[in-house]
Amino acid sequence: MADVVGELASVEGDERPASPEQSTKQFSVYEATSEELIERSMAPIKKEFLCPPPSRAAEVKAHQSGLVQEKKSKRQIKRERREKSAINLCPHISRTQDVNSCQYKEKCRFNHDIEAFKAQKPEDIEGECPFVASEMKCAYGLSCRFLGTHRDIAANSDAEKNSEINFFNKDTQRLLWKNKMTFTKADAKLKSLGLLGHAKKSNAAEENNAEKSQNGANATQTTELAVDSAVSSEPASEMIEDVDIPGPLETEEVRPMKKAKSEDKEDSKPGHVNDGLSVEVETEKNGYSEDSIQIVETDACLKSHPREKKKLIDFRDKLYLAPLTTVGNLPFRRLCKVLGADVTCGEMAMCTNLLQGQASEWALLRRHSSEDLFGVQICGSFPDTVSRAVELIDRECTVDFIDINMGCPIDMVVNKSAGSALLNKPLRMKNIVEVSSSIVETPITIKVRTAFFEGKNRIDSLISDIGNWGASAVTIHGRSRQQRYSKSADWDYIYRCTRNASSDLQVIGNGDVYSYVDWNKHKSDCPELSSCMIARGALIKPWIFTEIKEQRHWDITSGERLNILKDFVRFGLQHWGSDTKGVETTRHFLLEWLSYTFRYIPVGLLDVIPQQINWRPPSYFGRDDLETLMMSESAGDWVRISELLLGKVPEGFTFAPKHKSNAYDRAENG
């Protein structure tokens, strides 16, 4: 019987080859010691909580329950929204309960029949309206899924005030749509560096020459990358940067701008600075043109070092929540602030989408009033695109810093010469940071990886110069682009880069911080390190910030975890809305988050603490039914958890996680 149990408990899909000793005897988690389990990257769970794993067929069936098989096209979704369905009640009528309150009357694309809406409206969800609970009047009126809990609330200007900022201005959006937005500072700086117009071609040649000289023997691999990077959504005129430019464009005669700039420095007088400022103001009035902007480079802001006019920002010893795609939304950041995070950063936004006026991309820059130290992260391929986005964000939003992503490993980003593809183009990295930091007072930070290809680290050769480019801080993820999220982060390399950095450049480490022990170790091993950025550790257990501040391993109960989920749902309903659409949006992002949280193993179930982020758990059960449900890998169980908080899912509901972490999977990255 013991042999049968041992066979059921054998590890399936272990990527390590079996040793001769192991091949003679089936490995059993029941008989293995904690040291043997840790050696295999398995969680050493107490024997009394282990159970035989489910059959493969049952596991697949459970995993597929609740998963989507087919997605609706964007056109189909848009068409359904435009249909005058009874369930789509006009927002004006929903708030006022007056059919005559809508200014569009019969031309309105929403339903105006209140009785028809009430007949089709789903049942109210158990619980209190999140707005009423915060002593605010609910803006969703009849459409609110908690309508039964509404009550008269006395006018309170403080409570009624919106706690979110950085809303996208409609006038700005129209200017971007019509391509009439001016970027005076960015274009002036780009032109002074020869990165705008015809002079940009010679910079492309210089960029390619620098890349070849730095890569040396790796030129073949870099050429392959350049071919991949040619698939870009940037304008065709900008793609010339990735092409070798033959002939006289490589000579200094084609680029007189740098020489002219140095001569201006020698001959500059105080009166010229004032003239430069007046020209800039007039240019902003009349709109940008190449002829009218030529003497703007006398402006003092273009002459001073990027650091001279910077606002100061201090990351030292602050708990920094990483920018997290999809899950790092505003409600999740609010939750992390409650649990102890000091610094938050919005989800990565693409510069081209921001400059095109896409409202969904600008929504990523939204900020909550509780985020007292908040930044946004952007990603772009070229200095002109990034610098214009930086100028626009500085003009339209209230942020404490702007982070430029130069480490994203996703193929879609890399193939556009953005993200970690920039690690192969150090001159372009310099141009992006130098232009962006010189046109705004908001601090510019960058996020990088160790290198593009594993084993060919590159950041250590650049770290001493990054501060001179104008960056206030750099975050180093201790993995290459090729590694993605497999293997452990190389913290020794992060320490070396930190010690090589200039004294005025703050260096932040990133990778595998999963407990206060990890945090303390990195800070003690390298006191020069300003802080550690926490990413997947916060996704799996957002109370990691509490653990670090209180210096303890929190053996959190299932009830306490459920309360944290309730807080997220409340924040989500306040952000996305308490009507049916808002409820289902909140449910979607809750499920995306639950696709990470199931990997948490309670402290009380472990033989060895703390849990490491790369440990794979064997089959086990929790201390109560709710804890067992929370550790399930089945999407169907995640849906059941969402029903505890947001009521029954709609008929035909389906869900597929957008992101699948490969921390438990075999890494096939190339």
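Higher on the page you've got the structure.
Summarised in this report is the structure supplied together with it. As the structure is a prediction and not an experimental result, all values here were calculated from the model. For every chain, the first residue of the written sequence is number 1, and numbering continues from 1 along that sequence. With pLDDT at 70 or above as the cut-off, local features in this predicted model cover only qualifying residues; side-chain atom pairs require 80 or more to be listed or tallied, and sums for whole chains, interfaces and linings still use all residues. Based on all heavy atoms of the structure, the side-chain values leave hydrogens and waters out of the count.

1. Overview of the overall build of the protein
- Scanning the protein from terminus to terminus reveals 31 helices and eleven strands.
- Counting only residues that meet the buried cut, the protein has 51% of its 670 residues in that class.
- Considering only intrachain contacts with a sequence separation of at least 6, the fraction spanning at least 24 residues in the protein is 72%.
- Methods summary: accessible areas were calculated by the Shrake-Rupley approach with a probe of 1.4 Å, and residue burial reflects only the protein chains presented. Accessible surface, the protein: about 31700 Å² in total, of which carbon and sulfur atoms supply 50%. Per the convention used, a helix needs a DSSP run of H or I reaching at least four residues, while a strand needs a run of E reaching at least two, with both numbered from the N terminus. When accessible area is computed with a 1.4 Å probe and restricted to protein chains, residues below 20% of their type maximum are described as buried, those above 50% as exposed, and intermediate ones as partly exposed. By definition, residues are in contact when any of their heavy atoms lie within 4.5 Å.

2. Quick look at the pattern of salt bridges
- Whenever a carboxyl oxygen of Asp or Glu lies within 4 Å of a side-chain nitrogen of Lys or Arg, that contact is scored as a salt bridge. On inspection of all chains with the given rule, the structure shows 26 salt bridges.
- For glutamate 550, the salt bridge goes to arginine 552, with nearest N and O atoms at 2.5 Å.
- For glutamate 550, a relative accessible area of 45% translates into the label partly exposed.
- Here arginine 552 falls in the partly exposed class, since its relative accessible area comes to 32%.
- Linked by salt bridges that have partners in common, Glu128, Glu135 and Arg151 make up one network.

3. Things to note about the pairing of strand β6 (residues 374-379)
- Here β6 lies mainly inside the structure; six of its six residues are buried.
- Side chains Phe374, Val376 and Ile378 of β6 all project onto a buried face; the interleaved residues Gly375, Gln377 and Cys379 project onto the opposite face, where all are buried too.
- Inspection of the sheet shows strand β3 (residues 344-345) paired to β6 by two bridges, in the parallel sense. By the bridge assignment for β6, cysteine 345 is matched with glycine 375.
- Any two strands are treated as partners once DSSP identifies two or more bridges connecting them. In this sheet, strand β7 (residues 401-406) lies alongside β6 in parallel orientation, the contact comprising four bridges.

4. Focus on the environment of alanine 43
- Position of alanine 43 relative to the elements: it lies in the loop between α3 (34-39) and α4 (56-64).
- Its relative accessible area of 0% is what places alanine 43 among the buried residues.
- Separated by 571 residues in the primary sequence, alanine 43 and asparagine 614 have C-alpha atoms spaced 8.9 Å apart.
- Discounting chain neighbours no more than four positions away, the residues touching alanine 43 are Leu37, Ile601, Leu606, Trp615, Arg616, Pro617 and Pro618.

5. Focus: the pairing of strand β9 (residues 473-477)
- Here β9 lies mainly inside the structure; five of its five residues are buried.
- Of the two faces of β9, both are covered, the one formed by Ala473, Thr475 and His477 as well as the one formed by Val474 and Ile476.
- In this structure, strand β8 (residues 444-449) lies alongside β9, joined through five bridges in parallel fashion. Note that in β9 the partner of threonine 445 across the bridge is alanine 473.
- Call a crossover right-handed when, viewed with both strands pointing away from you, the route from the first strand across the helix to the second goes clockwise. In terms of handedness, the path from β8 via helix α23 (residues 459-469) over to β9 forms a crossover that is right-handed.
- Following the backbone out of β9, through helix α24 (residues 491-500) and into the adjacent parallel strand β10 (residues 506-510), one traces a crossover that is right-handed.

6. Considerations on the packing of α23 against α24
- Axis lines are fitted to C-alpha atoms, over the contacting stretch for helices. Their N-to-C directions set the angle, which ranges from 0 to 180 degrees. Interaxial distance between α23 and α24 falls to 8 Å at its minimum, and their mutual angle equals 30 degrees. Between α23 and α24, the crossing angle belongs to the class labelled roughly parallel. Once α23 is placed against α24, the crossing between them reads as right-handed. Two secondary-structure elements touch here, α23 through Ile459, Asp460, Ile463 and Ser464 and α24 through Tyr493, Cys497 and Asn500. Relative orientations are named as follows: roughly parallel for angles under 35 degrees, roughly antiparallel for angles over 145 degrees, roughly perpendicular for angles from 65 to 115 degrees, and oblique for any other angle. For any helix crossing, the convention is left-handed if the near helix is rotated counterclockwise from the far helix by under a right angle, and right-handed if that rotation is clockwise.

7. A few points about the environment of leucine 594
- By secondary structure assignment, the location of leucine 594 is in helix α29 (residues 580-597).
- The buried category is assigned to leucine 594, whose relative accessible area is 3%.
- A sequence separation of 39 residues divides leucine 594 from glutamate 633, and the C-alpha atoms of the two residues are 9.4 Å apart.
- The residues touching leucine 594, leaving out its near neighbours within four places in the chain, are Leu565, Trp638 and Ile641.

8. Quick notes on the state of the cysteines
- Any cysteine sulfur atom paired with another within 2.5 Å is treated as part of a disulfide. All chains considered together, the criterion is met by zero disulfides.
- In this structure cysteine 144 is a free cysteine whose sulfur lies 3.9 Å from that of cysteine 138, the closest cysteine sulfur available.
- For cysteine 144, a relative accessible area of 0% translates into the label buried.

Read these as geometric descriptors, not functional statements.
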